[in-house]
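Listed below, chain by chain, are the residues.
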Amino acid sequence: MLSFARELNLRSVPDNIIMPQSNRNCGNLEYRLDIDEAIQVIQDILDNDTAYDAERFSPGYHNPDTALPCVQNFCQNTLCINAKGEVVPLPEWDHVLGDLKKQTLRDIWKNSSKLKRLQIISLEDFPKCQSCHDIEFCGMSLGQNANENEAGDPFIIPKYICELAKATRELVHSHKNKQKETT
């Protein structure tokens, strides 16, 4: 795809993330790029994308005074409504915050204890991440976290996400060092 886009002088931004199904069925993850394949894609972008922007590869946590990227927008400004009329934080996460057949959206927004809990998630909720050198490159998602473990726990980060963050950090830092050497 990257070669095809380059031939047409188009910018291509691949997304190498495949999330598990919202019912926690992880069968589709067999089609997810393994870490080595993901590294190849990222390396190809770094080597061949003249419009490279480091921010693309560092969606993670930057500032202790701001919300974690995995909760920055959802539940602060937006909610989703599924086909059953249930209010959920993300389309891919079946964590029901309320039911529009039983209450108003305003009532859910103002009174849902589940929603209030999600709105105050911080780095402190992820003890393992507090001292992580790769957190700036972490693209974890609460929905992905929840759907990728049997307990449905959004605070358990899949090993894949941690491995990908580490590999991305190493690639980006190596790329930046090479750029410095050539300038």
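Predicted model, so just to flag it, every value in this text is computed and none were measured.

Explain the sheet that holds strand β1 (residues 80-81) residue by residue, including any values.
Ordered by their spatial adjacency, three strands build an open sheet running β1-β2-β3, and the pairing between neighbours is antiparallel. Looking at which strands have only one partner, the edges of the open sheet turn out to be β1 and β3 (98-99). Of the strand pairs in this sheet, β1 and strand β2 (residues 86-88) are connected by two bridges, and their pairing is antiparallel. Among the inter-strand pairings, I81 is bridged to a residue of β2, identified as V87.

Would you mind going over the packing of aromatic side chains in detail, with residue names and values included?
Tallied over the entire structure, the rule returns one aromatic pair. Considering the side-chain rings of F126 and F155, the 5.4 Å spacing of their centres and the 45° angle between planes classify their relative orientation as tilted. Highlighted residues: F126 in the loop between α4 (113-119) and α5 (142-147) and F155 in the loop between α5 and α6 (159-182), separated in sequence by 29 residues. For F126, a relative accessible area of 2% translates into the label buried. F155 gets classed as partly exposed once you look at its relative accessible area, which sits at 27%. Here the guanidinium or amino end of R32 rests over the ring plane of Y160, the centre of that ring lying 3.8 Å away.

Lay out a nonpolar patch on the surface in plain terms, naming residues and giving numbers.
On the surface, F4, L8 and L10 cluster together into a nonpolar patch covering about 320 Å² of accessible area. Position of L8 relative to the elements: it lies in the loop between α1 (2-7) and α2 (35-48).

A description of the packing of α2 against α6 should follow, citing residues and the corresponding values.
Running from N to C, α2 and α6 point in directions that differ by 30°, and their axes come no closer than 10 Å. Here α2 is positioned roughly parallel relative to α6, judged by the angle of their axes. Between α2 and α6 the crossing geometry is right-handed. Between α2 and α6, the contacting residues are I35, A38, I39, I42, Q43 and L46 on the first element and Y160, E163, L164, A167, T168, L171, V172 and H175 on the second.

Cut-offs used in this document
- Along each chain, residue indices are assigned from 1 in the same order as the chain's sequence is written.
- Side-chain atom pairs in this predicted model are given and counted only at pLDDT of 80 or more, local residue features only at pLDDT of at least 70, and totals for whole chains, interfaces and linings cover all residues.
- Side-chain numbers here rest on the full set of heavy atoms in the structure, without hydrogens or water.
- We call two strands paired when DSSP finds no fewer than two bridges between them.
- Strands here mean DSSP runs of E at least two residues long; helices mean DSSP runs of H or I at least four residues long; both are numbered from the N terminus.
- Here a Phe, Tyr or Trp ring, Trp counted by its six-membered ring, pairs with any other such ring whose centre lies within 6.5 Å, and the pair is stacked when the planes are under 30 degrees apart, edge-to-face when over 60, and tilted otherwise.
- For every residue, the accessible area (1.4 Å probe, protein chains only) is compared with the maximum for its type, and the residue is labelled buried under 20%, exposed over 50%, or partly exposed between those bounds.
- Charge-over-ring placement is defined geometrically: NZ (Lys) or CZ (Arg) within 6 Å of the ring centre, and within 35 degrees of the ring normal.
- The residues that make up patches have over 30% relative accessible area and no salt bridge, and they are joined within 9 Å when like-charged or within 5 Å when they are Val, Leu, Ile, Met, Phe, Trp or Tyr.
- Accessibility throughout is a Shrake-Rupley quantity obtained with a 1.4 Å probe, and a residue counts as covered only by protein chains that appear here.
- The salt bridge definition used is simple: a Lys or Arg side-chain nitrogen within 4 Å of an Asp or Glu carboxyl oxygen.
- The convention used is that axes are lines fitted to C-alpha atoms, helices contributing only their stretch in contact, and that angles between N-to-C directions extend from 0 to 180 degrees.
- Should an angle fall under 35 degrees it is taken as roughly parallel, and over 145 as roughly antiparallel, whereas 65 to 115 is taken as roughly perpendicular and any remaining angle as oblique.
- Put simply, a crossing is left-handed when the front helix is turned counterclockwise from the back one by less than a right angle, and right-handed when it is turned clockwise.
- Whether two residues are in contact is decided by their heavy atoms: any pair within 4.5 Å suffices.

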